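Topology and contacts: notes
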Amino acid sequence: MSRFVATFFGVGLLRPAPGTWGSLAALPLFWALHVLGGPWVTGLACLAVTLIGWWAVGSASHGASDPDLSEYVIDEVAGMWIALMPVSIGAALARVDVLALYPGWIAGFLAFRLFDIWKPGPIGWADRMKTPLGVMLDDVFAGIAAGIVVLALAIISHTYFM
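Residues numbered from 1 in each chain as written. Predicted model: local features only at pLDDT ≥ 70, side-chain atom pairs only at ≥ 80, totals over all residues. Heavy atoms only, no water.

Attention now moves to the packing of aromatic side chains. Enumeration according to the criterion identifies four aromatic pairs in this entry. Ring centres of F8 and F9 lie 5.2 Å apart, and the angle between their planes is 50°; on these two criteria the pair is classed as tilted. An aromatic cluster is present here, built from F4, F8 and F9 joined pairwise through their rings. (Phe/Tyr/Trp six-rings, centres within 6.5 Å; stacked < 30°, edge-to-face > 60°.)

Next up, the structure:
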């Protein structure tokens with residue numbers, strides 16, 4: 001069961017680039033969560049998937065010297081959802097359909113993948129932990145960095161194009 005969750009129901013078994021597939025698979029579920037309950041539900045879901053992912057990776061990789069198998073993409077789901085939190089909050093505040101903020105979805109996806117691959121600063125530090133917590137934290141940190149990019153782009157676009 002833990003491997004099924006860690007691979008995000010098998011998505012992590014897709015090749016090539018399972019992390020990208022995991023990030024893409026996170027998008028429709030994030031949309032559904034936002035529709036169900038806005039930023040409160042998406043925020044709680046970010047926390048829940050991070051904690052569940054920590055458990056799943058730990059359980060699925062028990063005894064492995066490096067728990068960060070490429071097929072474990074639950075961490076990408078957590079990071080991607082965190083990256084999209086400014087979109088959820090912005091849509092709720094503006095009282096618009098969350099899909100109307102599609103530039104934020106695109107920016108969030110691209111920025112998250114960039115930070116997840118590049119791993120600057122604390123993202124790389126967490127990745128080098130080689131623990132189930134590190135597996136989750138590097139993507140949480142990449143999601144936070146991507147969310148900051150999304151927020152900055154929203155502020156810039158609002159300032160210059162409104």
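Assignment of secondary structure puts Y102 in helix α4 (residues 102-118). The class for Y102 is exposed, based on a relative accessible area of 52%. (Helix = DSSP H or I, 4+ residues; strand = E, 2+ residues; numbered from the N terminus. Buried < 20%, exposed > 50% of the residue type's maximum accessible area, 1.4 Å probe, protein only.)

Here H62 shows up in the loop between α2 (18-60) and α3 (74-94). Between the C-alpha atom of H62 and that of G108, which follows or precedes it by 46 residues, the distance is 32 Å.

Here the focus is the nonpolar core. One finds V57, I74, M80, W81, L84, W105 and F115 to be the most contacted residues of the largest nonpolar core, which totals 41 residues. Listed by contribution, the elements that provide at least two residues to this core are α1 (2-6), α2, α3, α4 and α6 (132-161). Those residues in contact with W105 that sit more than four places away from it in its chain are L27, F30, W31, L84, V87, V98 and L99. (Core = buried A, V, L, I, M, F, W, Y, C linked by side-chain atoms within 4.5 Å. Contact = heavy atoms within 4.5 Å.)

This part is about α2. With 43 residues, α2 should cover 63 Å at 1.5 Å per step; its first-to-last C-alpha distance of 17 Å lies more than 12% under that length. Of all bends in α2, the biggest is about 125°, found at G38, and the proline P39 comes one to four residues later. (Expected span 1.5 Å × (residues − 1). Bend = angle between axes of the 7 residues up to and from the residue.)

The subject of this paragraph is the layout of surface pockets. A water-sized probe rolled over the atoms picks out the places where empty space is left. Roughly 180 Å³ of volume is contained in the second largest pocket. Lining the second largest pocket we find 14 residues, and of these G19, D68, S70, E76 and D116 sit closest to its centre. Broken down by secondary-structure element, the contributors of at least two residues to the lining of the second largest pocket are α2, α3, α4 and α6. Of the residues forming the lining of the second largest pocket, the biggest block, three residues, is contributed by α4. (1 Å grid on protein atoms, 1.4 Å probe; cavity = no way out; pocket = protein on both sides within 12 Å on 5 of 7 lines; lining within 4 Å. Points joined across faces, edges and corners; volume = space filled by probe spheres on them.)

A few words now on the pattern of salt bridges. It is possible for side chains of opposite charge to pair when their charged atoms get near one another. For the structure shown, the criterion picks out five salt bridges. With a closest N to O distance of 2.7 Å, E71 and R3 form a salt bridge. Highlighted residues: E71 in the loop between α2 and α3 and R3 in helix α1, separated in sequence by 68 residues. We classify E71 as buried; its relative accessible area is 15%. Put simply, D116 and K119 hold a salt bridge, and the shortest N to O gap is 3.2 Å. (Salt bridge = Lys/Arg side-chain N within 4 Å of Asp/Glu carboxyl O.)

Their axes nearest at 9 Å, the elements α3 and α4 cross at an angle of 140°. One finds that α3 runs oblique with respect to α4. Both α3 and α4 take part in a crossing whose hand is right-handed. Taken together, the residues of α4 that come into contact with α3 (itself represented by E76, G79, M80, A83, L84 and V87) are G104, W105, G108, F109, F112, R113 and D116. Tallied by class, residues from the contact of α3 with α4 come to seven nonpolar, three polar and three charged. (Axes fitted to C-alpha atoms, helices over the stretch in contact; angles between N-to-C directions. Parallel < 35°, antiparallel > 145°, perpendicular 65-115°, else oblique. Left-handed = near helix turned anticlockwise from the far one by under 90°. Nonpolar A, V, L, I, M, F, W, Y, C, P; charged D, E, K, R; others polar.)

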